[in-house]
Amino acid sequence: METSAKPSNNHIGRKIGRIREMRGIKQDTLATELGISQQAISRIEQSETIEDEVLEKIAKILGVTTEAIKNFTEEAVVNYFNNTFHGSNHGPFYHCTFNPLDKLLELVEENKKLYERLVQAEREKNDLLTSK
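All values derive from a computational prediction rather than experimental measurement.

*Asks:* Would you mind showing me how to read the overall build of the protein chain here?
*Replies:* On a plain count of helices and strands, the protein chain comes out with seven helices and zero strands. Ordered by position from the N terminus, the helices and strands of the protein chain form the series α-α-α-α-α-α-α. Taking all 132 residues of the protein chain together, 20% fall into the buried category.

Here you go:
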């Protein structure tokens, strides 16, 4: 009886491909950043192992560590997002408790007031200089 080989969980190329896709980076873009062809990126993503030097360059472009690529699993990503977006306030994503547009408008108004005070101070200075 023949058993089919299980797909390797250590297939670095596939992990790079998934991380690249999740980051919204196209093969062409990654290739350009590395100074190689899109076909070379395709071959890398089909390779089970990759030289450490190349892996470091790819990790830097993808904005992750080499360890993140080596340890990447779909389950970890799903768990991360489930914990982050379903009632948890842990991790880098927090629910915004204010309206950013309101904050922007407050800053604009504050800048207007500062500008008006600056203009008034300049007028007073000019009045003092002209009155002498």
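*Asks:* I would appreciate a short explanation of the nonpolar core in the present structure.
*Replies:* Counting 15 residues, the largest nonpolar core has I12, I16, I44, I50, L55, L62 and I69 as its most contacted members. Residue assignment for this core shows that the elements contributing at least two residues are α1 (12-22), α2 (27-34), α3 (38-46) and α4 (52-62). Broken down by element, the residue count for this core peaks at four residues, all from α4. Sequence-distant contacts of I50, defined by excluding residues within four places in its chain, comprise I12, G13, I16, I44 and L55.

*Asks:* Is there a simple way to think about the packing of α2 against α4 in this case?
*Replies:* Between two packed helices, what matters for the description is the angle formed by their axes and the separation of those axes. Two elements in contact, α2 and α4, have axes whose closest approach is 10 Å; the angle formed by their N-to-C orientations is 120°. In terms of orientation, α2 and α4 fall into the oblique class. For the element pair α2 and α4, the recorded crossing hand is right-handed. On the side of α2, the interface is formed by L30, E33 and L34, while α4 contributes K57, I58 and I61. Taken together, the residues of the contact of α2 with α4 break down into four nonpolar, no polar and two charged.

*Asks:* When you look at α2 in this model, what are you seeing that I'm missing?
*Replies:* At 3.6 residues per turn, the α-helix brings residues three or four places apart onto the same side. Of all the positions in α2, only Q27, L30 and A31 are classed as buried. Down the axis, α2 shows its buried residues gathered within 100° of arc, on one side only. The exposed residues of α2 that point more than 90 degrees off its buried face are T32 and E33. Looking at the buried side of α2, the elements it contacts are α1, α3 and α4. One or two positions beyond α2, positive phi appears at G35, with a value near 75°.

*Asks:* How do you make sense of the pattern of salt bridges when you look at a structure like this?
*Replies:* Opposite charge on two side chains permits them to pair, given that their charged atoms come into close proximity. Following the criterion strictly, the structure yields five salt bridges and no others. With a shortest N-O distance of 2.5 Å, R20 and E45 are connected by a salt bridge. One end of the pair, R20, is in helix α1; the other, E45, is in helix α3, with 25 residues separating them in the sequence. Residue R20 shares its accessibility class with E45, and that shared class is buried. Between E122 and K125 there is a salt bridge, with the nearest N and O atoms lying 3.4 Å from each other. With E122 and K125 both in helix α7 (residues 100-131) and three residues apart, this pair spans about one turn of that helix.

*Asks:* Whenever I open this one, a nonpolar patch on the surface confuses me. Can you help?
*Replies:* Taken together, L101, L104 and V108 make up a surface patch of nonpolar side chains, about 280 Å² in accessible area. For V108, the location among the structural elements is in helix α7. Under the relative-accessibility criterion, V108 is labelled partly exposed at 38%.

About the criteria used
- Chains are numbered independently. Their residues run from 1 in the order of the written sequence.
- Where local features are concerned, this predicted model is filtered to residues with pLDDT of at least 70; where side-chain atom pairs are given and counted, the filter is 80 or more; whole-chain, interface and lining totals use all residues.
- Heavy atoms from the whole structure form the basis of all side-chain values; hydrogens and water molecules are not counted.
- A run of H or I in DSSP becomes a helix once it reaches four residues, and a run of E becomes a strand once it reaches two; helices and strands are each numbered from the N terminus.
- Partly exposed residues are those whose accessible area sits between 20% and 50% of the maximum for their type, while under 20% is buried and over 50% is exposed, using a 1.4 Å probe and protein chains only.
- Residue types Ala, Val, Leu, Ile, Met, Phe, Trp, Tyr and Cys, when buried and joined through side-chain atoms within 4.5 Å, form a set referred to as a nonpolar core.
- Throughout, a contact is declared for two residues whenever any of their heavy atoms are within 4.5 Å.
- Fitted lines through C-alpha atoms give the axes, limited to the stretch in contact for helices. The angle between two N-to-C directions lies from 0 to 180 degrees.
- Each angle gets one of four labels, with under 35 degrees taken as roughly parallel, over 145 as roughly antiparallel, 65 to 115 as roughly perpendicular, and the rest as oblique.
- It is the rotation of the near helix from the far one that decides the hand of a crossing: anticlockwise by less than a right angle makes it left-handed, clockwise makes it right-handed.
- Classes in brief: Ala, Val, Leu, Ile, Met, Phe, Trp, Tyr, Cys and Pro nonpolar; Asp, Glu, Lys and Arg charged; the others, Gly included, polar.
- The arc in question is the one traced by the directions running from the helix axis out to the C-beta atoms.
- Counted as salt bridges are all cases of a side-chain nitrogen of Lys or Arg within 4 Å of a carboxyl oxygen of Asp or Glu.
- For patches, a residue must show more than 30% relative accessible area and have no salt bridge; joins then use 9 Å for like charges and 5 Å for nonpolar side chains, namely Val, Leu, Ile, Met, Phe, Trp and Tyr.
- Using a 1.4 Å probe, the Shrake-Rupley method yields the accessible areas, and only the shown protein chains count as cover for residues.

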